[in-house]
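# Structural characterization, general
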Amino acid sequence: MDNNSSGSSGFKGGLGGMFGGGAPEYSNTELAGVPLTGMSPLSPYLNVDPRYLVQDTDEFILPMGASKTRGRFELAFFTIGGCCITGAAFGALNGLRMGLKETRDMTWSKPRNVQILNLISRQGASWANTLGSVALLYSVVGVAIEKARGAEDDINTITAGTLAGMLYKSTSGLRGVARGGLAGLALTGLYALYNNWDHLKGSAPTRY
């Protein structure tokens with residue numbers, strides 16, 4: 001038994017010397033004190049010190065001067081696309097409701113199906129165009145304000161929302177401009193309130 005153990009140790013030592021040195025030996029006490037959060041326990045026979053595998057820093061390397069959060073220009077694409085998809089989905093549901101209501105006296109036939117599909121497509125395209133246009137105006141104005149002020153805060157959000165609403169309703173007269181501005185002010189004000197709700201309650205706000 002002892003001969004086999006010594007032979008096995010010699011064989012391991014020979015392989016260790018052949019491939020660049022023997023593996024470091026750690027006691028069970030040392031291995032028990034190594035934090036392995038998010039990893040499965042490492043084999044003590046690996047030629048790797050598990051203490052070097054613990055990540056206590058950021059996983060991403062950012063350029064110098066870059067912010068850890070996405071800027072308004074990066075968020076513009078998500079905002080515009082999300083508003084278009086939301087508008088298309090809402091418009092399709094509204095078109096389906098209108099189609100079923102307008103054709104309720106008709107029997108289920110091809111003309112009724114065509115009429116319902118036409119309403120769904122028209123309403124979906126109309127709402128997608130509306131929300132997409134508003135999102136485009138909001139993003140462009142927001143990026144311009146951010147570049148002009150050199151800061152990113154809730155003032156930019158509320159100002160961009162108010163100006164976007166006014167620009168979207170600029171062809172409807174002064175009353176339309178006022179209503180559009182008030183609508184944009186109300187929506188962006190509610191968003192700013194929601195975004196800072198944790199801070200208002202005294203806890204740390206959640207950042208994305």
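Residues numbered from 1 in each chain as written. Predicted model: local features only at pLDDT ≥ 70, side-chain atom pairs only at ≥ 80, totals over all residues. Heavy atoms only, no water.

If you walk through the whole model with that rule in mind, you get two aromatic pairs. Ring geometry for Phe-73 against Phe-77: centres 5.4 Å apart, planes inclined by 85°, an arrangement best described as edge-to-face. You can see Phe-73 and its partner Phe-77 sitting in helix H3 (residues 72–102), four residues apart, about one turn around the helix. For the pair Phe-90 and Trp-127, a centre-to-centre distance of 4.7 Å together with 80° between the ring planes defines the contact as edge-to-face. With Phe-90 in helix H3 and Trp-127 in helix H4 (residues 110–149), this residue pair connects regions lying 37 residues apart in the sequence. (Phe/Tyr/Trp six-rings, centres within 6.5 Å; stacked < 30°, edge-to-face > 60°. Helix = DSSP H or I, 4+ residues; strand = E, 2+ residues; numbered from the N terminus.)

Overall, the coordinates contain one salt bridge when judged by the stated rule. With a shortest N-O distance of 2.9 Å, Asp-153 and Arg-149 are connected by a salt bridge. Classification of Asp-153 as partly exposed rests on a relative accessible area of 28%. (Salt bridge = Lys/Arg side-chain N within 4 Å of Asp/Glu carboxyl O. Buried < 20%, exposed > 50% of the residue type's maximum accessible area, 1.4 Å probe, protein only.)

With five residues, the main nonpolar core is built from Tyr-138, Val-141, Ile-145, Ala-160 and Ala-164. Counting residues per element, the ones that place at least two in this core are H4 and helix H5 (154–168). The leading source of residues in this core is H4, at three residues. For Val-141, the contacting residues outside a window of four places in its chain are Ala-160, Leu-163 and Leu-167. (Core = buried A, V, L, I, M, F, W, Y, C linked by side-chain atoms within 4.5 Å. Contact = heavy atoms within 4.5 Å.)

Our next topic: a nonpolar patch on the surface. On the surface, a nonpolar cluster with roughly 430 Å² of combined accessible area is contributed by Leu-190, Leu-193, Trp-197 and Leu-200. Breaking the nonpolar patch down by element, the ones donating at least two residues are helix H6 (173–195) and helix H7 (197–201). Mapped onto the elements of the fold, Leu-193 is located in helix H6. (Patch = residues over 30% accessible without salt bridge, like charges linked within 9 Å, V, L, I, M, F, W, Y side chains within 5 Å. Areas by Shrake-Rupley, 256 points an atom, 1.4 Å probe, with all protein chains shown as cover.)

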